[in-house]
Amino acid sequence: MNILGIVTKSHDTGIALLQNGIPQFVLEEERFNREKHTLLFPNMALDAAFGANGKYKFSDVDVITTPWDMARLRPTLAQGVFGELPSSLNLLWPSAHKTQASAIVNLPMRLKVGLKKKFGWGTKLPQIVQVGHHESHASVFFISPFEEATVLVMDGYGDETATSAYFGRGNTLTRDFADGFFDSLGMLYSLVTEHLGFKVFEEGTVMALAALGSPTYVKKFADVIRLLPEGRFTINRDYTSYQTHGFNRPFKQKFYDLFGPPRKKGEPLTAHHHDIAYALQHAVEEAVLHVVRGLYSRHKSKNLVITGGVALNCVANARILRDTGFEAVWVPPCASDTGAPLGSALFHHHVTLGNKREFVLNHAFYGQDFTDSQITAALDAAGLKYERMQEGPLLKRVAQDLANQKIVGWFQGRAEMGPRALGNRSILSDARSNAMKDLINARIKHREAFRPFAPVVLFDRMSEFFEFDQPDPFMTMAPRIRPDKLPLIPAAGHVDGTGRIQTIDRSQNARYYGVIEEYAKITGIPVILNTSFNRQEPVVNAPAEAISCYLRTDMDVLVLGDYYTTDRNPAAIAKAVVAFVQAA
């Protein structure tokens, strides 16, 4: 049974193929069309999977699933638009819901037209099954390591809710509750992110900024997110108007009276902005903990799965593990809508069709891969000199480069699914000097100096360096670095002493593990820094994109599969810069 999950007209469009319950690929359109969080139909992802160079045939697809249910979405949207007339009519403006196209209400038709346009108007399409948005998110439970678990979904919004919970056992999911559409921690976080002068989808920047703040506005912000009995909460409408105006007018005057005007473009960040970020993060953490504790009181499972966009808040996730009764917390690498197509396929396979579970997700590498000939063709086209190395010498050389504080572009195998680089499309560096963090922010990423990088640690030595006791291969927690170890890896720590950890086991990614293992032999430290292989663009997908990013920044080393280069000749750099500007 081949189930193709697909979505369009909503942010992070893409596809996923489930074959007899086993994921074959998860492909995000942004990795191909180079538009972050794209809403466009996933034509290029479909090409990669089913085109002339793809490994699959579209004719072999038995059923198509999509992670939105029109029977729930349309009434919800109608209720929103007509809920507070005449003001709520403002929700009809496309700019009011810019993370989602208005055409989402005709998603099944849009999918049929897009697929027939892609594969031929005479193509007979498989049945298209609509799966609830939160059920799609929740269905990652079926590839979790747990036989039973409580499942919490929190995001901007779904078909009918922004917060819901389930109890999963075997191949079943039973809903515990679903709260109001506009009672959304994800939406609130996005809107305050814009208030602070950042863009939607830059919520992670605000999470990092919060660590610089103080509790000036904590008590005031506690009135924005009101905690209710039995682990529930509501957003206080005295402060918000996004329920009538969306992104166009998200807050009422009371919000501005308490927290000040929006930060303008180019306006410097001040302690005032830090303190707002702090209050937002604190209030969201408290609300999440409140919900989780309520769930724990009703379902005595020791296991928790968290998914949806809010599950990318690694600081809140770490607090759940530290400050609630749950003993094991699992967050998938594709907790955001990048994982919704896969989730819809999983729901259909396990819940609708009743199939048993036979697979556990232990790595995130379900994207596209490239052959040696494709890699060398890209290197040759860029005009770079390079050498091919055997794995042992390659790992030793890269480890020595890292120990010498060189910055390494690391491109291997299949790309990661989800928003985070986890060792196959990564920039690697030494964690022993704080200067490395400033260097990468300034020379490579060209971003705010306060933003941290992720420490990657060998799993069998994790507890030496972090106050943490479970694997986290998907970089979803930010535990505290042990105080006596922080001086050894200062670049790995944020200002609050935490680190967004990634643990690595040899069985998950042998080559990535091998580099860190060799580095540890040289330095005695089993921790390096990892950040996504990109600069103001989606994470690189193809060799040519990796080469371009390497040349347009100040990386010292580039490794593509078995191929190693330090060539940065001026002609190649100029060519890469011109091509990138023209493409933009």
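Everything that follows concerns the structure shown earlier in this document.
Let me sum up the structure you'll find in this document.

Okay, the overall build of the chain next. Along the backbone of the chain there are 20 helices and 20 strands. Its C-alpha atoms give the chain a radius of gyration of 23 Å, near enough to 25 Å, the size a compact globule of 584 residues would have. The principal-axis extents of the C-alpha atoms in the chain amount to approximately 65 × 65 × 50 Å. Looking at the 584 residues of the chain, the share that counts as buried comes to 60%. For the chain, the proportion of contacts with a sequence separation of at least 24, taken over those separated by at least 6, is 70%. Put simply, the chain has 63 plus and 60 minus side-chain charges, and the middle of one group is 3 Å from the middle of the other.

A few words on the environment of Phe 465. Looking at the element boundaries, Phe 465 is found in helix α17 (residues 462–465). You can call Phe 465 buried: its relative accessible area is 1%. C-alpha separation for the pair Phe 465 and Lys 485, spaced 20 residues apart in sequence, amounts to 5.7 Å. When neighbours within four sequence positions are excluded, Phe 465 is seen to be in contact with Ile 481, Arg 482, Lys 485, Leu 488, Ile 489, Ile 525, Pro 526 and Val 527.

Strand order in this open sheet of five strands is β8-β7-β6-β11-β12, and the pairing throughout is mixed. Here the strands that pair on one side only, and so sit at the sheet edges, are β8 (172–178) and β12 (328–330). Strand after strand, the sheet turns through a mean of 25 degrees between neighbouring axes, direction not considered. Here four bridges tie strand β6 (residues 148–154) to strand β11 (residues 303–307), and the two strands are oriented parallel to one another. Paired with Thr 150 across the two strands is Leu 304, which belongs to β11.

Along the polypeptide, Asp 275 turns up in helix α11 (residues 271–298). There is no salt bridge for the buried Asp 275, and the closest opposite charge comes from Lys 220, which lies 10 Å off by N-O distance. Excluding residues that lie within four positions of it along the chain, Asp 275 makes contacts with Gly 213, Ser 214, Thr 216 and Tyr 217.

The α-helix winds at 3.6 residues per turn, so residues separated by three or four positions along the chain end up facing the same way. Along helix α19 (residues 543–552), nine of the 10 residues are buried, which leaves the element largely enclosed by surrounding structure. Taken together, the buried positions of α19 are occupied by Pro 543, Glu 545, Ala 546, Ile 547, Ser 548, Cys 549, Tyr 550, Leu 551 and Arg 552. For α19, the elements touching its buried residues are α1 (30–33), α14 (372–382), β14 (408–411), β19 (557–560), β20 (563–565) and α20 (570–583).

Okay, empty space enclosed by the protein next. Per the counting criterion, the structure on display carries four cavities of 30 Å³ or more. Estimated volume of the largest cavity: approximately 50 Å³. As for the largest cavity, its lining consists of Asn 362, His 363, Ala 364, Phe 365, Leu 422, Pro 473, Phe 474, Gln 502, Ile 504, Gln 508 and Asn 509. Considering only residue class, the lining of the largest cavity consists of six nonpolar, five polar and no charged.

With that settled, the discussion passes to the sheet that holds β14. Reading across from one edge, β13-β20-β19-β14-β15-β18-β16-β17 is the order of the eight strands in this open sheet, with mixed pairing throughout. Looking at the sheet topology across the chains shown, the edges are occupied by β13 (387–388) and β17 (502–504). Pairing of β19 with β20, which is carried by three bridges, proceeds in the antiparallel orientation. Within β20, the position partnered with Leu 558 by the bridge is Thr 565.

With respect to the secondary-structure elements, Gly 197 resides in the loop between α6 (185–195) and α7 (203–210). With a relative accessible area of 36%, Gly 197 lands in the partly exposed category. For the pair Gly 197 and Leu 92, spaced 105 residues apart in the sequence, the C-alpha separation amounts to 24 Å.

Here six bridges tie strand β7 (residues 163–169) to β8, and the two strands are oriented antiparallel to one another. The partner of Ala 165 across the bridge, within β8, is Phe 177. What sits between β7 and β8 in their antiparallel hairpin is a turn of two residues, with Gly 170 showing a positive phi close to 60 degrees.

Counting residues in each nonpolar core, the largest one holds 127 residues, and the members touching the most others are Leu 185, Phe 221 and Ile 225. The leading source of residues in this core is α11, at 13 residues. Leave out the neighbours within four places in its chain, and Phe 221 touches Leu 188, Val 192, Phe 255, Phe 259, Ala 279, Leu 280 and Ala 283. Counting 35 residues, the second largest nonpolar core, distinct from the first, contains Ile 3, Leu 18, Val 140 and Leu 173.

With the rule as written, the count across this model stands at 36 salt bridges. Residue Arg 322 pairs with Asp 323 through a salt bridge whose shortest N-O separation is 3.4 Å. A salt bridge links Glu 448 to Arg 451; the shortest N-O distance between them is 3.4 Å. Taking relative accessible area as the criterion, Glu 448 reaches 27% and is therefore assigned partly exposed. Given a relative accessible area of 23%, Arg 451 falls into the partly exposed group. Through salt bridges with shared partners, a single network forms among Asp 69, Arg 72, Glu 135, Glu 160 and Arg 175.

Now for the packing of α11 against helix α12 (residues 314–323). Relative to each other, α11 and α12 sit at 40 degrees, their axes nearing to 10 Å. With respect to α12, the element α11 is oriented oblique. By crossing handedness, the relation of α11 to α12 is classed as right-handed. Contacts between α11 and α12 involve Gln 281, Glu 285, Glu 286, Val 288, Leu 289, Val 292 and Arg 293 from the former and Val 315, Ala 316, Arg 319, Ile 320 and Asp 323 from the latter.

Cut-offs applied
- Residues numbered from 1 in each chain as written.
- Predicted model: local features only at pLDDT ≥ 70, side-chain atom pairs only at ≥ 80, totals over all residues.
- Heavy atoms only, no water.
- Helix = DSSP H or I, 4+ residues; strand = E, 2+ residues; numbered from the N terminus.
- Rg over C-alpha atoms; globule rule 2.2 N^0.38 Å.
- Buried < 20%, exposed > 50% of the residue type's maximum accessible area, 1.4 Å probe, protein only.
- Contact = heavy atoms within 4.5 Å.
- Lys, Arg positive; Asp, Glu negative; His and termini not counted.
- Charge placed at Lys NZ, Arg CZ, Asp CG, Glu CD.
- Pairing = 2+ DSSP bridges.
- Axes fitted to C-alpha atoms, helices over the stretch in contact; angles between N-to-C directions.
- Salt bridge = Lys/Arg side-chain N within 4 Å of Asp/Glu carboxyl O.
- 1 Å grid on protein atoms, 1.4 Å probe; cavity = no way out; pocket = protein on both sides within 12 Å on 5 of 7 lines; lining within 4 Å.
- Points joined across faces, edges and corners; volume = space filled by probe spheres on them.
- Nonpolar A, V, L, I, M, F, W, Y, C, P; charged D, E, K, R; others polar.
- Core = buried A, V, L, I, M, F, W, Y, C linked by side-chain atoms within 4.5 Å.
- Parallel < 35°, antiparallel > 145°, perpendicular 65-115°, else oblique.
- Left-handed = near helix turned anticlockwise from the far one by under 90°.

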